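# Summary of the model geometry
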Amino acid sequence: MTDTAPRLQPLYLLADSQLLFWKHRDRLLLETAVDGLARASPLSAAYIGASNGDRPEFYEIFEAAMEAVGITDRRMIDSSFGPDDRASLDRARVIVLAGGDVRLGWDTFEKTGMKEVILDRYAQGALLVGISAGAVQLGRYGIAEPPQSCAPELFGVFDLVPMVVDAHDEGGEWARLSRTIESLQGAASGLGIPSGGGVIVHPDAAVEALRRPAHHIRFQSGRITRALLHPDGSS
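These notes cover the structure that comes with them. (Residues numbered from 1 in each chain as written. Predicted model: local features only at pLDDT ≥ 70, side-chain atom pairs only at ≥ 80, totals over all residues. Heavy atoms only, no water.)

### Quick word on the overall build of the protein chain
The number of helices and strands found in the protein chain is seven helices and 15 strands. What you see for the protein chain is a C-alpha radius of gyration of 17 Å, in line with the 18 Å of a compact globule of 235 residues. Dimensions along the principal axes, computed over C-alpha positions, put the protein chain at roughly 50 × 45 × 40 Å. Taken over 235 residues, the protein chain has a buried fraction of 49%. (Helix = DSSP H or I, 4+ residues; strand = E, 2+ residues; numbered from the N terminus. Rg over C-alpha atoms; globule rule 2.2 N^0.38 Å. Buried < 20%, exposed > 50% of the residue type's maximum accessible area, 1.4 Å probe, protein only.)

### What to know about the packing of helix H3 (residues 83–91) against helix H5 (residues 114–123)
For the pair H3 and H5, interaxial distance at closest approach is 9 Å and the crossing angle is 20°. In terms of axis orientation, H3 runs roughly parallel to H5. Here H3 contributes Arg86, Leu89, Asp90 and Arg91 to the contact with H5, which in turn contributes Met114, Val117, Ile118 and Arg121. Its residues assigned to classes, the contact of H3 with H5 shows four nonpolar, no polar and four charged. (Axes fitted to C-alpha atoms, helices over the stretch in contact; angles between N-to-C directions. Parallel < 35°, antiparallel > 145°, perpendicular 65-115°, else oblique. Contact = heavy atoms within 4.5 Å. Nonpolar A, V, L, I, M, F, W, Y, C, P; charged D, E, K, R; others polar.)

### So, the sheet that holds strand S12 (residues 198–201)
If you walk across this open sheet you meet the seven strands as S5-S4-S6-S7-S1-S12-S13, and the pairing is mixed. This sheet does not close on itself; its edge strands, each paired only once, are strand S5 (73–77) and strand S13 (207–210). Within this sheet the neighbouring strands show an average axis-to-axis angle of 15°, counted without direction. As defined by bridge partners, strand S6 (residues 94–97) adjoins strand S7 (residues 127–131) across four bridges and the pair is classed as parallel. By the bridge assignment, isoleucine 95 is partnered in S7 with leucine 128. (Pairing = 2+ DSSP bridges.)

### Comments concerning the sheet that holds strand S10 (residues 164–167)
As summarised here, the arrangement of the four strands in space is S10-S11-S14-S15, forming an open sheet in which the pairing is mixed. Since the sheet does not close on itself, it has two edges, and those belong to S10 and strand S15 (223–229), each with one partner. The sheet shows a mean angle of 20° between the axes of neighbouring strands, taken without regard to direction. In this sheet, S15 lies alongside strand S14 (residues 214–220) in antiparallel orientation, the contact comprising seven bridges. Its bridge partner lying in S15, histidine 216 is registered against alanine 227.

Here it is, written out as structure tokens:
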């Protein structure tokens, strides 16, 4: 009997949109990413802009990236998530979660039912790409920092990556992420993705840094430790 179960795709976590147009080993990163998708039919792609309030200028970046890899069937999924949006997301093979406000986007995913559709598409073998806030949402927790408190407030997100993710905070030396990991007392580690960088998280949870070193932050023996995850040397 042949096993026809869908194969989970690697997760692509990008600090910003630069890597959508970056060449990895002389090929666009997205070209390599979509190579793993079965091609029984033309690929369709969906862009979810809930985290940035559906700003059209960011969708235009997505369109250009999809055009570069030959995906012409693409749609912006509106935050209102009407029937046409749902139908498009239900068949999307490539799903891009936009940057913006992590909490705004997550609340929209939960309120509209997008969350369940995204998880189902991933389980069915779709490729998920998270940019900035979208990368954070693929991790274990989002971080909210109340102005009157030193302690971060955490809210659960997709938890497809078993780490707390933060992006482009290298200027702050990953202080927010470090405080969060310390507050968790070893229950999870942190992954900091610098500007212009990204990571691939493979189905076996192995993390591959892209373009710039990623920061792995852990709480061990009562203190925060940090390590760099280096790219494979490609530029």
